[in-house]
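Coordinate analysis (summary)
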Amino acid sequence: MAAETAIADPQIEQKPVHPIKEFWFYFKENNGAVAGLGFVVLLIFTAIFADVIAPHDPIEQYRQFAQRPPAWVDGGSWQFILGTDATGRDILSRIIHGSRYSLQIGSIVVVICLSAGICIGLVVAFAKGIADAIVMRVMDVILAVPSLLLALVVVAIIGPGLENVMIAVAVVYVPHFVRLTRAAAMSELSRDYVTASRVVGAGTFRLMFNAVLPNCMAPLIVQATLAFSTAILDAAALGFLGLGAQPPIPEWGTMLADSREFITSAWWIVTFPGLAILVTVLAINLMGDGLRDALDPRLKRS
């Protein structure tokens, strides 16, 4: 009787692993990805509660404290921990509030790229023929132009501003999502489950979004994470060139543009916004590497 129980128990206790638990098992093996995720969570928390966390109003000018160095440097004050800029605005408060704009830029760009890329990619994958050829050649032409140069052209056409920068950066990165969606969808179209869905009478729309798309999401999620960090970089570059967010908006690229003339005389005005961009992009890229390891079955370690 005990032997029968011992034989039966393993069969009874074998249960499929929950997808979230499986994802976290592989994701946490990458220490850099976990650290990146922790920083991103902290950044989101900072952006949400920026009004509470920031010690000063980001656009308020304390003229009597203009170019005050950080608190640990001679002449600094703990009233302005990271110092002040040329007009006396608190750098720490501006960086904290600037996290909102960086997350907003990355989120909106990714949403636009994902939506447009998935729709166009699925349509051309199912349509094939001349429509596929025309669309993909247009995507190739866009990809042939350097991304920052193309974004500059788009902003020059539609005008400077934070909203226009997000549109310009999204236009630049839509082709990446189109190509990735098309390639993933075409590889799925030859699978048995797609054939079975067609046999039972599933329409094209249902095949696209109910059958094929869920199996294409893993590489798209990884690409979206990397596009998030790249969007922040490109928006900061456009802001540095004066085409992005306009003063006094505390966007990190705009802060760098306003302070480039003080690189030698007041290093802290340039250094801390640059570090904010560096650490944020690095954290998101590390998190993207972890997502790739956890979502791509070929990279999962047994």
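Structure's up top.
Residues numbered from 1 in each chain as written. Predicted model: local features only at pLDDT ≥ 70, side-chain atom pairs only at ≥ 80, totals over all residues. Heavy atoms only, no water.

**Overview of helix 6 (residues 129-144)**
Here is the rule we go by: Each helix corresponds to a stretch of at least 4 residues labelled H or I by DSSP, and each strand to a stretch of at least 2 residues labelled E; elements are numbered beginning at the N terminus. The span expected for a helix works out to 1.5 Å for each residue beyond the first. Residue exposure (1.4 Å probe, protein chains only): buried if accessible area is under 20% of the type maximum, exposed if over 50%, otherwise partly exposed. Our arc is simply the arc of the directions from the helix axis toward the C-beta atoms. Contacts are assigned to residue pairs with any non-hydrogen atoms lying within 4.5 Å of each other.
Here helix 6 contains 16 residues, and its C-alpha end-to-end distance of 23 Å stays within 8% of the 22 Å for a straight helix at 1.5 Å per residue. Every buried residue belonging to helix 6 is among Asp-132, Met-136 and Met-139, and all of these are buried. The buried residues of helix 6 occupy an angular sector of 55° when projected down its axis, which confines them to one face. Relative to its buried face, helix 6 has exposed residues pointing more than 90 degrees away, namely Ile-130, Val-141 and Ala-144. Looking at the buried residues of helix 6, the elements they touch are helix 5 (91-127) and helix 8 (162-189).

**Concerning the packing of helix 5 against helix 11 (residues 217-240)**
To keep it simple, the criterion reads: For helices, the fitted axis covers only the stretch in contact; all axes are lines through C-alpha atoms, and the angles between them, taken along N-to-C directions, range from 0 to 180 degrees. Roughly parallel means an angle under 35 degrees; roughly antiparallel, over 145; roughly perpendicular, 65 to 115; everything else is oblique. In this scheme the handedness of a crossing depends on how the near helix is turned from the far one: anticlockwise by less than a right angle means left-handed, clockwise means right-handed. Throughout this entry, Asp, Glu, Lys and Arg are counted as charged residues, while Ala, Val, Leu, Ile, Met, Phe, Trp, Tyr, Cys and Pro are counted as nonpolar. The remaining residues, Gly among them, count as polar.
Axis separation between helix 5 and helix 11 bottoms out at 8 Å; the angle between their running directions is 135°. Relative to helix 11, the element helix 5 lies oblique. The handedness of the crossing between helix 5 and helix 11 comes out as right-handed. The residues of helix 11 that touch helix 5, namely those facing Ser-102, Leu-103, Ile-105, Gly-106, Ser-107, Val-109, Val-110, Leu-114 and Ile-118, are Met-217, Leu-220, Ala-224, Ala-227, Phe-228, Ala-231, Ile-232 and Ala-235. Classifying every residue of the contact of helix 5 with helix 11 by side-chain character gives 14 nonpolar, three polar and no charged.

**Topic: the nonpolar core**
Defined as follows: To form a nonpolar core, buried Ala, Val, Leu, Ile, Met, Phe, Trp, Tyr and Cys residues must be joined to one another through side-chain atoms within 4.5 Å.
Residues Ile-91, Ile-95, Val-109 and Val-212 are the most contacted members of the largest nonpolar core, which totals 80 residues. Among residues more than four places away in sequence, those in contact with Val-109 are Met-166, Val-169, Ala-170 and Ala-231.

**Here's the deal with the environment of Leu-278**
Secondary-structure assignment places Leu-278 in helix 13 (residues 267-295). Taking the relative accessible area as the measure of exposure, Leu-278 reaches 52% and is therefore exposed. As for Leu-278 and Leu-233, which are separated by 45 residues in sequence, their C-alpha atoms are 8.8 Å apart.

**Overview of unusual backbone geometry**
The omega angle of the peptide bond from Pro-247 to Pro-248 is 5°, so this bond is cis rather than trans. Tracing the sequence through the fold places Pro-248 in the loop between helix 11 and helix 12 (252-259). For Gln-67, which is not glycine, the phi torsion reads 55° and is therefore positive. Position of Gln-67 relative to the elements: it lies in the loop between helix 4 (50-53) and helix 5. Within the chain, Lys-128 stands out as a residue other than glycine whose phi angle is a positive 55°.

**Topic: the packing of helix 5 against helix 10 (residues 204-212)**
Relative to each other, helix 5 and helix 10 sit at 120°, their axes nearing to 11 Å. Looking at the two axes, helix 5 sits oblique to helix 10. In this structure, the crossing between helix 5 and helix 10 has a hand that is right-handed. The segment helix 5 lies against helix 10, with Ile-118, Leu-122, Val-123 and Phe-126 engaging Thr-204, Leu-207, Met-208, Phe-209 and Val-212.

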